Structure formats: C-alpha cells, structure tokens
Amino acid sequence: MLPIRESFAVRSYEVDAFNELAVPALWGYLQESAGISADRLGFGVQRCLDAGFTWVLARQRLEIARAARFGETVEIETWPNSTERLAAHREFVVRCRGEEIARATSTWFLLELKTRRPVDPAAVLDSAFPRERGPSVLALPGGKIPALEAVELERPFAIRFADIDLNWHVNNVSYVQWLLEGVPKETWHERRPSAVDAQYVAECEWGGRILTRARATGGDRYLHSVAREADGKEIARGETEWVVR
C-alpha cells in the first residue's frame, strides 16, 4: 500500500532545554501522520468511532539517529503494514532536509467500544484494508518488554485532563512522557534518547496518580514501568537507550 508523507514544522514549545525535538513531540507527529494515513485510506478514527470501534496503540519502537531542532521541518512517511491475527502494523520513516533521522514500527488494535475488546480489522473494515504483511523498517523484539523487577528510581504524577484523548483514556504520548521521566538528572542532562520502545498494557483514565519507575540495565539502557498508585496495576512498560548529546 502506498505511503503518505506529512510535514511538521518544529515549534519552540516542542523542543527541550537543549533545542532538540522532544521525543513525546515526535511521538505525537507519528500519531498524527498515522491518523491522516488511516483517514485517507478509509479506516480513520472518525469512521471507526461512527461504526462503534476505535484504534489503540499497543506497542511502538522508535529509533532516532539525530534529533531535529527548532525551525527545522520534519517529514514523516508512513504506511499500514497489514494484520497479524488481531494486530495491525504500521511503519514510519522520519526525514529532515532529505536526511533520514528516525524510524519507527508500531502495532495497533481495533477495539469494539462496547466491549473494549480487540476485533479483526480486516473482518470489520472493507477490502481496502491491507492483509499481506511486508517488511518492517525496524526489528521489533518478540514477546513482551521484560517486567521491571527492581526499582532504582520512582516518581509520582497526577493524571490530568490534558492527558485524556478522544477515547476517554490517557493518550499514548502521555505514557511516553512519564517513561522518560524515569531517568536520573545526569542522564537527561548529558544524553538524549536514541531508542524508545513502549508497550501499552492497560487503559488508564482521569483521576488519581501514576508511578513511573525505572532501572538502569547497563550500556546507557533503562527498563521502565508505569503503574497506578492506588492499586499497583501496571499500565505500560518501556525500554530506552541513550547516547551522548
């Protein structure tokens, strides 16, 4: 299936203290381009909502060769990569001034709103939905991201109105923001994320607080977990890799 290309001008409020495009902002670009692509191909968010379904991101891995900066324009090329059982796959290539600067691969589920259970996208959507899977731009590790057994750093956050999306649960970008808060100040100050692998375990709604937890696993790598403070329920997992700025 043919890819689409969308351009995003990097705004001043989307860069961090080091004038580099923040990973959650880039994550948002990916989400937006995925929505535009799906809409143009006939299975966008609004059409699915009208039919009683919605798309949710289950897992996404992003690898960043270099960070874009304020004033640059980022072009994202994306295309759906068919289904595997109930999972729908999507690929992304990110460019800046013609240079490839990042890649991402993602897995999505189509949920029935009444039951909040996944359904087969190819069975619910029309024949335009791609079925044969092509090659992925990134190798996504099989199985779940490992559980975080020992915690070295823990921070609490309140779930805000601003975290809630059209599906009335926490937007996937907020989870990434929380994951990246789980590193020491020295890591944030001296390094930038070069890879972020996020897995969404459970839905989370407004109210209450979450705990973001992390542990260094060596080689500038961290294992992450986000859990509800009230009952300890894990709602997301992640792995990150960091390189010197």
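Residues numbered from 1 in each chain as written. Predicted model: local features only at pLDDT ≥ 70, side-chain atom pairs only at ≥ 80, totals over all residues. Heavy atoms only, no water.

**Section: the layout of surface pockets**
And step 1. In this model, the largest pocket occupies a volume close to 930 Å³.
And step 2. Within the residue set of the lining of the largest pocket, elements represented by two or more residues are α1 (23-40), α2 (45-50), β2 (53-64), β4 (87-96), β5 (99-112) and α4 (172-180).
And step 3. If one sorts the elements of the lining of the largest pocket by residue count, α1 sits on top with 7 residues.
And step 4. Grouping the constituent residues of the lining of the largest pocket by class yields 22 nonpolar, 10 polar and 6 charged.
And step 5. Sorting the residues of the lining of the second largest pocket by element identifies α1, β5, β7 (153-158), α4 and β8 (191-200) as the ones contributing at least two each.
And step 6. Taken together, the residues of the lining of the second largest pocket break down into 20 nonpolar, 1 polar and 9 charged. (1 Å grid on protein atoms, 1.4 Å probe; cavity = no way out; pocket = protein on both sides within 12 Å on 5 of 7 lines; lining within 4 Å. Points joined across faces, edges and corners; volume = space filled by probe spheres on them. Helix = DSSP H or I, 4+ residues; strand = E, 2+ residues; numbered from the N terminus. Nonpolar A, V, L, I, M, F, W, Y, C, P; charged D, E, K, R; others polar.)

**Side note on the nonpolar core**
Generally speaking, a soluble globular protein has its nonpolar side chains buried in company with each other.
And step 1. Among the nonpolar cores identified, the biggest contains 52 residues, and Trp27, Leu62 and Ile76 are the most heavily contacted of them.
And step 2. Ranked by residues supplied to this core, first place goes to α1 with 8 residues. (Core = buried A, V, L, I, M, F, W, Y, C linked by side-chain atoms within 4.5 Å. Buried < 20%, exposed > 50% of the residue type's maximum accessible area, 1.4 Å probe, protein only.)

**Looking at unusual backbone geometry**
With the exception of glycine, most residues fall at negative phi, and the peptide bonds are largely trans.
And step 1. With a phi angle near 60°, asparagine 19 is a residue other than glycine that sits in the positive phi range.
And step 2. Counting through the fold element by element, asparagine 19 comes out in the loop between β1 (4-9) and α1.
And step 3. By relative accessible area, which is 30% here, asparagine 19 ends up partly exposed.
And step 4. Despite not being glycine, tryptophan 168 has its phi angle at roughly 65°, a positive value.
And step 5. Mapping tryptophan 168 onto the fold places it in the loop between β7 and α4.

**Observations concerning the packing of aromatic side chains**
And step 1. Overall, the coordinates contain 6 aromatic pairs when judged by the stated rule.
And step 2. Relative to tryptophan 178, the ring of tyrosine 175 has its centre 5.6 Å away and its plane inclined at 70°; by these criteria the two rings are edge-to-face. Remark: tryptophan 178 and tyrosine 175 occur in helix α4; sequence separation between them is 3 residues, near one turn of the helix. Accessibility classification places tyrosine 175 together with tryptophan 178 in one group, the buried group.
And step 3. These aromatic residues form a ring-pair network of at least three members: Tyr175, Trp178 and Tyr200. (Phe/Tyr/Trp six-rings, centres within 6.5 Å; stacked < 30°, edge-to-face > 60°.)

**Comments concerning the pattern of salt bridges**
And step 1. As enumerated under the stated definition, the model contains 23 salt bridges in all.
And step 2. Across the pair glutamate 6 and arginine 40 runs a salt bridge whose closest N-O atoms are separated by 2.7 Å. In this pair, glutamate 6 is assigned in strand β1 and arginine 40 in helix α1, connecting sequence segments 34 residues apart.
And step 3. According to the relative accessible area criterion, glutamate 6 is buried, its value standing at 15%.
And step 4. Salt-bridge contacts for arginine 59 lead to aspartate 197; the nearest nitrogen and oxygen are separated by 2.9 Å. Of this pair, arginine 59 sits in strand β2 while aspartate 197 sits in strand β8; the two residues are 138 residues apart in sequence, bridging distant segments of the chain.
And step 5. If you follow the salt bridges from partner to partner, you end up with Arg59, Arg61, Glu63, Asp197, Arg221 and Glu241 in one network. (Salt bridge = Lys/Arg side-chain N within 4 Å of Asp/Glu carboxyl O.)

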